[in-house]
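# Structural overview
Below are the chains, spelled out letter by letter.
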Amino acid sequence: MKKALILSLFFLVHFQVAQAQQKPNLIFILTDDQRWDALGFAGNEIIQTPEMDRLAREGIYFENAFVTTPICAASRASILTGLYERTHGYTFGQEFQERFAQSSYPILLREAGYNTAFFGKFGINYPDFGNLFDTGDSYDRNGNFDDRRGYFFKTIGEDTVHLTKYTSYQAQEFIKAQTSDQPFALSLSFSAPHAHDPAEDQYFWSEDVDELYAEVTFPDPILKEEKYFLDQPEYVRTGENRTRWYWRFDTPEKYQQSMRGYYRMISEVDREIGQIRKVLEEKGMADNTVIIVMGDNGYFQGERQLAGKWLMYENSLRVPLILYDPRNSQSRVVSDFALNIDIAPTLVDLAGIRVPKSMQGLSLVSSDLGSRKNFIAEHLWQVEIIPPSEAIRTEKWKYFRYINDPGHEELYDLAADPLEISNLATDPVYKNELKSLRKKMEKQVETLVKAGER
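Anyway, here's the lowdown on the structure attached to this text. Predicted, not measured: the structure shown is a model, and the values here were computed from it. Residue positions within a chain follow its written sequence, with the count starting from 1. Confidence filtering applies because this is a predicted model: local features only for residues at pLDDT of at least 70, side-chain atom pairs given and counted only at 80 or more, and all residues used for totals across whole chains, interfaces and linings. Each side-chain value is worked out from all heavy atoms of the structure, with water and hydrogens disregarded.

Buried residues of nine kinds, namely Ala, Val, Leu, Ile, Met, Phe, Trp, Tyr and Cys, make up a nonpolar core once their side-chain atoms join them within 4.5 Å. Any residue under 20% of the maximum accessible area for its type is buried, any over 50% is exposed, and the rest in between are partly exposed; the area is computed with a 1.4 Å probe on protein chains only. I27, I175 and L186 are the most contacted members of the largest nonpolar core, which has 54 residues in total. Among the secondary structure elements, those contributing two or more residues to this core are β1 (25-31), α2 (50-58), β4 (115-120), α7 (163-176), β8 (184-189), α11 (252-282), β9 (289-295) and β12 (321-324). Top contributing element to this core by residue count: α11, with 11 residues. For this analysis, residues touch if any pair of their heavy atoms sits within 4.5 Å. In this view, I175 contacts I27, F184, L186, I276, V279, L280 and K283; residues no more than four positions away in its chain are not counted. Formed by 46 residues, the second largest nonpolar core is a distinct cluster that contains A73, A101, L108 and L132. Strands are runs of DSSP state E lasting at least 2 residues, helices are runs of H or I lasting at least 4, and numbering of each runs from the N terminus.

Next up, the structure:
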């Protein structure tokens, strides 16, 4: 009897270990303000991102990836929950609701037996962050400094290092401590390449990427002429998008300096991804670890004489998105819409968990993304310097309006006008298209609001 019990326990333990080994490890990497084309694989011939390019080349690259809200706080809440901003209701100046936290992907993964960890910029005001992950360290740029110390204030041993290196170091130490009897889910959120807003120089990087882009002259931004700026409503012309343009791009010299710094910071993240993958190889975990890389929102680089994000143009909404699964060698480029709200259901799906019906995103690995014919984009934060807005994006069309000025509408035929130059909203030829998209957007927005009220 005793021998039978011992054998039963023995087989149970080995069965549990086998199950753990079958589940993939998961690493989700989020960059801050990396726009869709700041990636070599996307066709950018200047930027050096060999590690991200390798992941894209060997995995799945989503060439039409978007965020549903182009600002870090709300976008990160959507990533965490798989929900639109209209539903989870979170943006700056608020506290993240407990009911949405409890249905977020780290909770679901932990319940499924994963060892969960988060390092870097969480970006969500949630007092119980310490209980959201098994291991967690939330930090961002140090706003108490108006110089390079905004990025250089964390230490490894006695050395003060850039936040990118610090986040990478934490990831590597976490991976080194893992064993094969429990799968892990690691979320990394780099602060880079976000500018350090209080600083005059804006962009800061480590010395080991100083040589990059030193001899490069960056091409001028498209739509740089003043007419494209003057086409904007007054509250955009006097808002934060214009203010930050003065910080970063208002002279040719400042533009070149900012672009060089922005690219260096992305390349530094790229190098650290390589170091993390090296540790996975050394631990023998590389062949069973899925890696997802995404940006948290898009970014203006002087187009329309603007900077920042927040608006409903493609510059704000489009981001890089890569899913690398070493267990599946079918690398490909996907043209269907992929969204930030798809991250949570994808991680849950990869872990072998049934995706909750409450999640509004789709799994990138098992859903038919082609069934998504449109999506809502929204920026709902009511603050004087950034006008809130809402949009609907289809394969061919984009319609958007400013929430506090609904009479100002913009309509673009993206097939014929991908740069969104010719606003067709006042052209009677497109009156029916305008009405149809407006109605469709309002109906979907109503559904999202009701979902948040339940």
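Turning our eyes to something else, we now look at unusual backbone geometry. Here the amide bond leading from A192 into P193 is cis, since omega sits at 5 degrees, within 30 degrees of zero. Its identity is not glycine, yet D33 carries a phi of approximately 75 degrees, on the positive side. Overall, the relative accessible area of 1% leaves D33 in the buried class. With a phi close to 65 degrees, Y213 is a non-glycine residue in the positive phi region. With respect to the element layout, Y213 can be found in the loop between β8 and α8 (226-230).

Right, let's talk about the side chain of D417 for a bit. Structurally, the position occupied by D417 is in the loop between β18 (405-413) and α14 (431-453). The buried charged residue D417 lacks any salt bridge, with R304 as its nearest oppositely charged partner at 7.2 Å. Here a polar contact is recorded for every N or O atom pair within 3.5 Å, except that within protein the pair must consist of a potential hydrogen donor and a potential acceptor, and residues adjacent in sequence are included only if both atoms are side-chain atoms. Within the structure, the side chain of D417 is placed 2.8 Å from the backbone nitrogen of S422, a separation counted as a polar contact. Apart from residues no more than four positions distant in its own chain, D417 is found in contact with Y412 and S422. We count Lys and Arg on the positive side and Asp and Glu on the negative side, and we leave His and both chain ends out. One side-chain nitrogen of Lys or Arg within 4 Å of one carboxyl oxygen of Asp or Glu is enough to make a salt bridge.

To continue, consider α7. Taking 1.5 Å per residue as the helical rise, α7 with its 14 residues ought to reach 20 Å, and the 20 Å between its terminal C-alpha atoms agrees with that figure. With 10 of 14 residues buried, α7 lies mostly within the body of the structure. Within the span of α7, buried status applies to L163, T164, Y166, T167, S168, Q170, A171, Q172, F174 and I175. Multiply 1.5 Å by the residue count of a helix minus one, and that product is the helix's expected span.

This next bit is on the side chain of E314. With respect to the helices, strands and loops of the structure, E314 is situated in helix α12 (residues 314-317). Among the residues examined, E314 registers a relative accessible area of 7% and is labelled buried. Setting aside residues up to four positions removed in sequence, E314 forms contacts with W36, F66, R393, K398, P418 and E420.

Attention now moves to the sheet that holds strand β13 (residues 332-334). In spatial order, the strands read β5-β4-β8-β1-β9-β12-β2-β13; together these eight strands make up an open sheet with mixed pairing. Either end of the sheet is taken by a strand with one partner, and the two such strands are β5 (135-138) and β13. Ignoring strand direction, the axes of neighbouring strands in this sheet form an average angle of 10 degrees. Pairs of strands are assigned from DSSP output, requiring at least two bridges between the strands. In the sheet, β9 pairs with β12 via four bridges, with the strands oriented antiparallel. Counted as the bridge partner of V293 is I322 from β12. Where α7 meets the sheet, it contacts β1, β4, β5 and β8, and its direction lies at approximately 175 degrees from that of β8. In the packing of α11 onto the sheet, contacts are made with β1, β8, β9 and β12, and the angle to β1 comes to roughly 170 degrees. Only the contacting stretch of a helix is used when fitting its axis, a line to C-alpha atoms as for every element, and angles between N-to-C directions run 0 to 180 degrees.

For the rest of this paragraph, the subject is a nonpolar patch on the surface. Every patch collects residues that have over 30% relative accessible area and no salt bridge, joining them within 9 Å if they carry like charges and within 5 Å if they are nonpolar side chains (Val, Leu, Ile, Met, Phe, Trp, Tyr). Here, Shrake-Rupley sampling with a 1.4 Å probe gives the accessible areas, and only protein chains in the shown set may cover a residue. A surface patch of nonpolar side chains, about 230 Å² in accessible area, is lined by I222, L419 and I421. Its location among the elements puts I421 in the loop between β18 and α14.

In this section: the pairing of β8. Among the six residues that make up β8, six are buried, leaving the element largely enclosed by the rest of the structure. Burial along β8 is two-sided: F184, L186 and L188 facing one way and A185, S187 and S189 facing the other are all buried. Pairing between β1 and β8: five bridges, direction parallel. Directly across from I29, in β8, lies its bridge partner L188.

The quantities given are spatial measurements derived from coordinates; they are silent on function.
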